[in-house]
Amino acid sequence: MALLRAREAVMERFRPHLRRHGVTEQQWRVLRALSSVDRTTAGALAGLTVLSGPSLSRILRDLAGRTLIVRKGSRTDQRSSWISLSAAGRAFLGRVAPESEAAYDGIERSVGRERLAALHEILDDFEGRLGAEASRPRYIARRR
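Computed from a prediction, not measured in an experiment: that's the story for all the values here.

**Quick word on unusual backbone geometry**
Non-glycine residue Val-50 carries a positive phi angle of around 55 degrees. Mapped onto the fold, Val-50 is located in the loop between helix H4 (42–49) and helix H5 (53–65). Even without being glycine, Thr-67 reaches a positive phi, approximately 60 degrees. Among the structural elements, Thr-67 can be located in the loop between H5 and strand E1 (69–73). Residue class for Thr-67 comes out partly exposed when judged on its relative accessible area of 49%.

**Quick word on the packing of helix H3 (residues 25–34) against helix H6 (residues 87–111)**
Where H3 meets H6, the closest approach of the two axes is 12 Å, and the angle between their N-to-C directions is 105 degrees. The angle between the axes of H3 and H6 places the two elements in the roughly perpendicular class. Of the residues in H6, those in contact with Trp-28, Leu-31 and Arg-32 of H3 are Phe-92, Leu-93, Val-96, Ala-97, Ser-100, Glu-101 and Tyr-104. Here the residues of the contact of H3 with H6 are counted per class, giving 7 nonpolar, 1 polar and 2 charged.

**Description of the packing of aromatic side chains**
Summed over all chains, the structure comprises 1 aromatic pair. On the numbers, 5.0 Å between centres and 65 degrees between planes, the contact of Phe-14 with Tyr-104 is edge-to-face. A residue pair is termed long-range when its members are at least 10 positions apart, and Phe-14 in the loop between helix H1 (2–11) and helix H2 (15–20) and Tyr-104 in helix H6 qualify at 90 residues. Residue placement shows Arg-39 over the ring face of Trp-82; its charged tip is 3.9 Å from the ring centre. In this structure, Arg-66 is placed above the aromatic ring of Phe-92, and the distance from its NZ or CZ to the ring centre is 5.7 Å.

**Topic: the nonpolar core**
Within the largest apolar cluster, 28 residues are counted, with the highest numbers of intra-cluster contacts made by Trp-28, Val-30, Leu-31 and Leu-45. Every element with two or more residues in this core is listed here: H3, H4, H5, strand E2 (81–85) and H6. At 6 residues, H6 tops the list of elements feeding residues into this core. Each residue touching Trp-28, except ones within four places of it in the same chain, is listed here: Leu-18, Val-23, Phe-92, Leu-93, Val-96, Ala-97 and Ser-100.

About the cut-offs
Residues numbered from 1 in each chain as written. Predicted model: local features only at pLDDT ≥ 70, side-chain atom pairs only at ≥ 80, totals over all residues. Heavy atoms only, no water. Helix = DSSP H or I, 4+ residues; strand = E, 2+ residues; numbered from the N terminus. Buried < 20%, exposed > 50% of the residue type's maximum accessible area, 1.4 Å probe, protein only. Axes fitted to C-alpha atoms, helices over the stretch in contact; angles between N-to-C directions. Parallel < 35°, antiparallel > 145°, perpendicular 65-115°, else oblique. Contact = heavy atoms within 4.5 Å. Nonpolar A, V, L, I, M, F, W, Y, C, P; charged D, E, K, R; others polar. Phe/Tyr/Trp six-rings, centres within 6.5 Å; stacked < 30°, edge-to-face > 60°. Lys NZ or Arg CZ within 6 Å of the ring centre and 35° of its normal. Core = buried A, V, L, I, M, F, W, Y, C linked by side-chain atoms within 4.5 Å.

Structure, rendered in structure tokens:
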């Protein structure tokens, strides 16, 4: 419960501007994760964003419909596709990301840089000790 309450406290800093820009928390996670790679597969993206396959499929369909992402079929595997940000997606991130950065800055001011860094270390250790897949790709939203 403490982890869920902490997550909610963090997300309250982000929800207002995400709503203003018409994206859900999960859609934003996908867009931010895609901003850290040139292209990726849906499976790798699911690992980066900690989203289930069915949820990610729906999100990708919605983002493609808004022309924020591009899906290109794999030349070697008809069942697979490459996913990347479109030019419109990069422009959208350019408009929205500064507000997210301001939210991160506010969290850092409230908590303190050292405490926030320590929290990241503790959470990484916690996840590892609980047996999280070591090979799962990791997307780090922001660490200084």
